[in-house]
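# Structure assessment
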Amino acid sequence: MIIWQNSAIRPCPIHNIYNMVLNYIWIFFFLAAFAIACVRLLFMGDYDVFPAVINSTFESAKTAFEISLGLTGVLSLWMGIMKIGERGGVVNVLARVLGPVFAKLFPEIPRNHPVIGNIFMNLSANMLGLDNAATPLGLKAMEGLQELNAKKDTASNSMIMFLVLNTSGLTIIPVSIMVYRAQMGAAQPTDIFLPILLATFFSTLCGIVVTGLVQRINLLSPVLLLTLGGLSAGVGGLLWLFSKMDATAMNIAGTTSANVLLFFIIICFIVAGIRKKVNVYDAFIEGAKGGFETAVRIIPYLVAILVSIGVFRASGAMDWAIEGIAALVRSTGSDAEWVGALPTALMKPLSGSGARGMMVDAMQTCGADSFVGRLSCIFQGSTDTTFYILAVYFGSVGVSRTRHAVGCGLAADLAGMIAAVFIAYLFF
């Protein structure tokens, strides 16, 4: 999720906790790196560890800038395509399609209330990867939900369901991840498209089910049963189909279908723009400008997190932590290759920029086309930044009592992580 500044956001305990946790994580990387480096120097006679740590700061800062610079072109391209879809009414079409389903998921909202439109627009924009549009729409939706909320300092059921749907990270087109893979030299940057789509589906499904059970929503209603059951059957069939293929056939089928689907979506967006009599070229240019601004905006965040990860890894602390967890996993008789991508999964609920840095570090260290590199990308795309979303959205309306929002959001995150591991082993 792209950080969006809004002066209307009021400080709240959740936002303060989020900033404090991220601050402590960043400090921990440096202090732990220093401590481990001292141990290696004093007790292991490793005279190269401190030069390696300092060199990593320069290399990581350089890498962060080069990645951000390289993102500019491709990100501008996709943001331009997304703007065409937005102007062409694709988001509105998705909102109408999802209407009957969300009426069941938000029973507290009066029929035809204006906030329903904002919820639809936010979720549809998220599904299309329109972060710049999704965040302000989400804040607008929270304002509308707060107007319906009887207890202003306590999250309502509708607020929690809305946030869980956001934190589960259902995204049809993971543009930024594919761009990062291309930047890091992946042979087929789109080969993680279907795995991410499947993993994020399980995350969203779990979030809906868990929240629905807590809120006593009738998940067996015909509309929800038909929609969720039909989607689950389709995903199950897709997984079964891929499980019957060998590695070569699966790679060809997955890559081909992903690229065909992506290009088909581009064509649909252009056709939608033509039908709405949109100046497609001007819409593309406007969106592309936003892509350039986004690429520039993330530079300080990427530098901060990559440098901290760089010193943590150069000191040997990252390897020690991963090897320790891997040894525990192997002691159970399980394969531990997935553990190398675990830092991305653990960071994702806390910080989008932090998880992005972990993903880039995994691809840089192990290779973009390695199992760890690909799994890190799937982890990155399977869920969203739970604590950040809760902090910003609840903070914008002054809600301090979150009730079951955190638990349901983390349950969706866990489901996405587990699904990501199994799907990565299936595909790669």
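Just so you know, these numbers come straight off a predicted model, no measurement behind them.

### Considerations on the overall build of the protein chain
If you tally the helices and strands in the protein chain, you get 18 helices and zero strands. Considering only contacts in the protein chain between residues 6 or more positions apart, those separated by 24 or more positions represent 81%. If you sum the accessible surface of the protein chain, you get close to 18,900 Å²; carbon and sulfur atoms cover 67% of it.

### Considering helix α15 (residues 352-366)
Look at α15: 21 Å from first C-alpha to last across 15 residues, which is about the 21 Å you get at 1.5 Å a residue. With respect to burial, α15 is a largely interior element, 12 of its 15 residues being buried. Within α15, the full set of buried residues consists of Gly352, Ser353, Gly354, Ala355, Arg356, Gly357, Met358, Met359, Val360, Asp361, Ala362 and Met363. Just beyond α15, the residue with positive phi is Gly367, at close to 105°.

### Re unusual backbone geometry
Phi at Arg216 is positive, roughly 60°, even though this residue is not glycine. Mapped onto the secondary structure, Arg216 falls in the loop between α8 (193-214) and α9 (222-243). For Arg403, which is not a glycine, the phi torsion comes out positive at approximately 55°. Mapped onto the fold, Arg403 is located in the loop between α17 (386-397) and α18 (405-427).

### Some remarks on the packing of α8 against α18
Contact geometry for α8 and α18: axes closest at 8 Å, N-to-C directions at 150°. Taken as axis vectors, α8 and α18 run roughly antiparallel relative to one another. Judged by the twist between their axes, the crossing of α8 over α18 is right-handed. Residues Leu194, Pro195, Leu198, Ala199, Phe202, Ser203, Cys206, Gly207, Val210, Thr211 and Val214 of α8 touch α18, and the partners they reach there are Cys408, Ala411, Ala412, Asp413, Ala415, Gly416, Ala419, Ala420, Ile423 and Phe427. Grouping the constituent residues of the contact of α8 with α18 by class yields 16 nonpolar, four polar and one charged.

### Re empty space enclosed by the protein
It is a probe the size of a water molecule, rolled over the atoms, that shows where empty space is left. Evaluated as defined, the whole model comprises one cavity of 30 Å³ or more. There is about 30 Å³ of room inside the largest cavity. What lines the largest cavity is Ala345, Lys348, Pro349, Phe379, Ser382, Thr383, Asp413 and Met417. The set of elements that each furnish at least two residues to the lining of the largest cavity consists of α16 (371-382) and α18. Residues that form the lining of the largest cavity fall into these classes: four nonpolar, two polar and two charged.

### Overview of the nonpolar core
Generally speaking, nonpolar side chains in soluble globular proteins are found buried as a group. Ranked by size, the top nonpolar core spans 108 residues in total, and within it Leu105, Phe106, Ile119, Met142, Phe162 and Phe394 carry the most contacts. In terms of residues, this core owes the most to one element, α18, which gives nine residues. Those residues in contact with Phe106, other than ones at most four positions away along the chain, are Ile119, Ser158, Met161, Phe162 and Leu165. In this structure, Ala37, Val49, Val53 and Val311 belong to the second largest nonpolar core, which totals five residues.

### Some words on the packing of α16 against α18
One way to put it is that α16 packs onto α18 with a least axis distance of 9 Å and a crossing angle of 145°. In this structure, α16 crosses over α18, and the sense of that crossing is right-handed. Facing Phe371, Leu375, Ile378, Phe379 and Ser382 of α16, the residues of α18 in contact are Gly416, Met417, Ala420, Val421, Ala424 and Tyr425. Looking at side-chain class alone, the contact of α16 with α18 contains nine nonpolar, two polar and no charged residues.

### Quick look at the side chain of Thr383
If you trace the backbone, Thr383 turns up in the loop between α16 and α17. Each residue touching Thr383, except ones within four places of it in the same chain, is listed here: Thr167, Ser168, Gly169, Ser203, Lys348, Ala412, Asp413 and Gly416.

### As for a nonpolar patch on the surface
A contiguous nonpolar patch, built from Val39, Leu42, Phe43, Met44 and Trp320 and spanning about 590 Å² of accessible area, is present on the exposed surface. A total of four residues in the nonpolar patch trace back to one element, the largest contributor, which is helix α1 (residues 13-44). Relative to the elements of secondary structure, Trp320 occurs in helix α13 (residues 317-331).

### Here we look at the packing of aromatic side chains
Counted by the stated rule, this structure contains eight aromatic pairs. Three or more aromatic residues joined by ring pairs make a cluster, and in this case those are Phe28, Phe29 and Phe312.

### What to know about the confidence of the model for the protein chain
Per-residue confidence for the protein chain gives a mean pLDDT of 80, with 88% of residues at or over 70. The least confident element of the protein chain, judged by mean pLDDT, is helix α4 (residues 114-127) at 73; the most confident is α16 at 91.

### Observations regarding the pattern of salt bridges
Side chains that differ in sign of charge can pair as their charged atoms come close. Evaluation of the coordinates by the stated rule reveals nine salt bridges. The residue Arg181 makes a salt bridge to Asp369 at a minimum N-O spacing of 3.0 Å. In this pair, Arg181 is assigned in helix α7 (residues 175-183) and Asp369 in the loop between α15 and α16, connecting sequence segments 188 residues apart. Taking the relative accessible area as the measure of exposure, Arg181 reaches 0% and is therefore buried. Note that Arg313 and Asp319 form a salt bridge whose closest N and O atoms lie 3.6 Å from each other.

### Overview of the state of the cysteines
Scanning the model with the defined rule gives zero disulfides in all. Not engaged in a disulfide, the cysteine Cys206 finds its nearest cysteine sulfur in Cys408; these two sulfurs lie 8.9 Å apart.

Reading guide: rules and limits
- Residues numbered from 1 in each chain as written.
- Predicted model: local features only at pLDDT ≥ 70, side-chain atom pairs only at ≥ 80, totals over all residues.
- Heavy atoms only, no water.
- Helix = DSSP H or I, 4+ residues; strand = E, 2+ residues; numbered from the N terminus.
- Contact = heavy atoms within 4.5 Å.
- Areas by Shrake-Rupley, 256 points an atom, 1.4 Å probe, with all protein chains shown as cover.
- Expected span 1.5 Å × (residues − 1).
- Buried < 20%, exposed > 50% of the residue type's maximum accessible area, 1.4 Å probe, protein only.
- Axes fitted to C-alpha atoms, helices over the stretch in contact; angles between N-to-C directions.
- Parallel < 35°, antiparallel > 145°, perpendicular 65-115°, else oblique.
- Left-handed = near helix turned anticlockwise from the far one by under 90°.
- Nonpolar A, V, L, I, M, F, W, Y, C, P; charged D, E, K, R; others polar.
- 1 Å grid on protein atoms, 1.4 Å probe; cavity = no way out; pocket = protein on both sides within 12 Å on 5 of 7 lines; lining within 4 Å.
- Points joined across faces, edges and corners; volume = space filled by probe spheres on them.
- Core = buried A, V, L, I, M, F, W, Y, C linked by side-chain atoms within 4.5 Å.
- Patch = residues over 30% accessible without salt bridge, like charges linked within 9 Å, V, L, I, M, F, W, Y side chains within 5 Å.
- Salt bridge = Lys/Arg side-chain N within 4 Å of Asp/Glu carboxyl O.
- Phe/Tyr/Trp six-rings, centres within 6.5 Å; stacked < 30°, edge-to-face > 60°.
- pLDDT = per-residue confidence, 0-100.
- Disulfide = S-S within 2.5 Å.

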